[in-house]
Amino acid sequence: MKRSDKHKKRKTRWWKVTLVLLVLLLVPAGVYSYSLYSGAKNTVDSKMHKKVTSIDHELTEKKRKEKEPLNILLMGVDERAGDSGRSDALMVLSVDPNDNRSQIISIPRDTRTEMVGDSSHSGKQDKINHAYAFGGADMAIQTVENFLDINLDYYVQVNMEGLEEMVDAVGGITIQNDIEWYGKDNFHYKKGELTMDGEEALGYVRMRYDDPQGDLGRNERQRKVIQGIVDKGMNVGSINKIGNVMDVLGKNVSTNMDFSTMQDLMKNYSGARENLSTYQMTGTGTKINGIYYLEVPDQEVEDVREMILDYNS
């Protein structure tokens, strides 16, 4: 299949989610009072805002103020009790406000590449999703930058474990399910319209082996659940429920964006969602010393790099 065949453009509200400006998106305009504004600002700046040393903050601020294209690393991290966590989903979102376009590049979690950062694992070949476990957000950022030979401006990290709390906070979600299977406690993930609570939604995104598309299918299910959260959250009419959502966000989202940065992106970059393209990197599965990896060809990496640079030009 040609790269152009897989590089599909479509209009979608997923762009809203990929910026993870859920703080703003989940607050209906009719109840967006000063107290909610103040609460959102406090949640972002005191709980979600986490600086990293791997990104040149001054250069990024200069680019944003001059409305230049930006690259944002999106990480869905699976952090469970007693585990440092691994990046369960990795995507690079490029936004170009000048031509009102954006694109999402999905990087398979098993991609074999060099680890880069302040860690004893630096310089070694490993799965790209292990970079977060070895050195946190900084190492994940540096490893992705090295893999694609690009510069990242922002990162957004979402703890996938927090999806359960988020779904419950908005009162459950309804999505369109493409495949049928039975999960934990024999819950029937029926094909078609499916309504789930938090625990069921978490099982929905974590399932891997019953999906004929493997990680590709899993990525799509993750997108559906997050989209379901946004769709439900945008219709939340209870201020108390919005407060619950804010609490969940504060516990499960980390980013080097502060509240004023999010506002500026919504104001000056929102037009980029009008023309969204998505691309899933591909490779060949292989086993090395009994461990499964995805070997992504150099040409595929170069093609993706050019796609990103095209948005940055």
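Heads up: the structure comes first, above all this text.
Residues numbered from 1 in each chain as written. Predicted model: local features only at pLDDT ≥ 70, side-chain atom pairs only at ≥ 80, totals over all residues. Heavy atoms only, no water.

*Asks:* Is there a simple way to think about the overall build of the protein in this case?
*Replies:* Each helix and strand in the protein was counted, giving 12 helices and 15 strands. Per-residue burial over the protein gives 54% buried out of 313 residues. A fraction of 67% describes how many contacts in the protein between residues 6 or more apart in sequence connect residues 24 or more apart. Total accessible area on the protein stands at roughly 14400 Å², and carbon and sulfur atoms take up 45% of it. (Helix = DSSP H or I, 4+ residues; strand = E, 2+ residues; numbered from the N terminus. Buried < 20%, exposed > 50% of the residue type's maximum accessible area, 1.4 Å probe, protein only. Contact = heavy atoms within 4.5 Å. Areas by Shrake-Rupley, 256 points an atom, 1.4 Å probe, with all protein chains shown as cover.)

*Asks:* Is there a simple way to explain the pairing of strand S15 (residues 291-295) in this structure?
*Replies:* Remember that side chains alternate between the two faces of the sheet whenever the strand is regular. Pairing between strand S14 (residues 284-288) and S15: 5 bridges, direction antiparallel. Paired with Lys287 across the strands is Tyr292, a residue of S15. A loop of 2 residues connects S14 with S15, the two strands running antiparallel in sequence, and Asn289 in this loop sits at a positive phi of about 55°. (Pairing = 2+ DSSP bridges.)

*Asks:* Explanation requested: the packing of helix H7 (residues 162-169) against helix H8 (residues 198-206) in the structure shown.
*Replies:* For any two helices packed against each other, the geometry is given by the interaxial angle and the distance between the axes. With their axes 7 Å apart at the nearest point, H7 and H8 run at an angle of 135° to one another. Relative to H8, the element H7 is oriented oblique. Taken as a pair, H7 and H8 cross one another with a handedness that is right-handed. On H8, the residues that touch Leu163, Glu164, Val167 and Asp168 of H7 are Gly198, Glu199, Ala201, Leu202 and Val205. (Axes fitted to C-alpha atoms, helices over the stretch in contact; angles between N-to-C directions. Parallel < 35°, antiparallel > 145°, perpendicular 65-115°, else oblique. Left-handed = near helix turned anticlockwise from the far one by under 90°.)

*Asks:* Looking at this model, I keep getting lost on the environment of Gly117. Mind explaining?
*Replies:* With respect to the secondary-structure elements, Gly117 resides in the loop between strand S5 (112-114) and strand S6 (125-127). Judged by relative accessible area, Gly117 falls into the buried class, the value being 18%. Among residues more than four places away in sequence, those in contact with Gly117 are Ser122, Met139 and Gln142.

*Asks:* Explain the packing of aromatic side chains to me, please; I cannot follow it from the model alone.
*Replies:* The way to describe two aromatic rings as a pair is by their centre distance and the angle between their planes. For the structure on display, the rule yields 4 aromatic pairs. Seen in terms of ring centroids, Trp181 and Tyr189 are 4.4 Å apart; in terms of plane orientation they differ by 15°. Their pairing is stacked. Assigned by exposure class, Trp181 and Tyr189 land together as buried. A centroid spacing of 4.7 Å and a plane angle of 80° characterise the contact between Phe187 and Tyr189, whose relative ring orientation is edge-to-face. Grouping residues by exposure puts Phe187 and Tyr189 together as buried. Aromatic ring contacts, followed pair by pair, group Trp181, Phe187, Tyr189 and Tyr204 into a single cluster. Between Arg101 and the ring centre of Tyr311, over which it is positioned, the NZ or CZ distance is 4.1 Å. (Phe/Tyr/Trp six-rings, centres within 6.5 Å; stacked < 30°, edge-to-face > 60°. Lys NZ or Arg CZ within 6 Å of the ring centre and 35° of its normal.)

*Asks:* What is the right way to read helix H12 (residues 298-312) from this model?
*Replies:* Note on helix geometry: an α-helix contains 3.6 residues per turn, so any two residues three or four positions apart are oriented the same way. Counted at 1.5 Å a residue, the expected span for H12 with its 15 residues is 21 Å, and the 21 Å between its end C-alpha atoms agrees. Along H12, the residues classified as buried are Glu300, Val301, Val304, Arg305, Met307, Ile308 and Tyr311. Down the axis, H12 shows its buried residues gathered within 155° of arc, on one side only. More than 90 degrees from the buried face of H12, the exposed residues found are Asp298 and Gln299. (Expected span 1.5 Å × (residues − 1). Arc of directions from axis to C-beta.)

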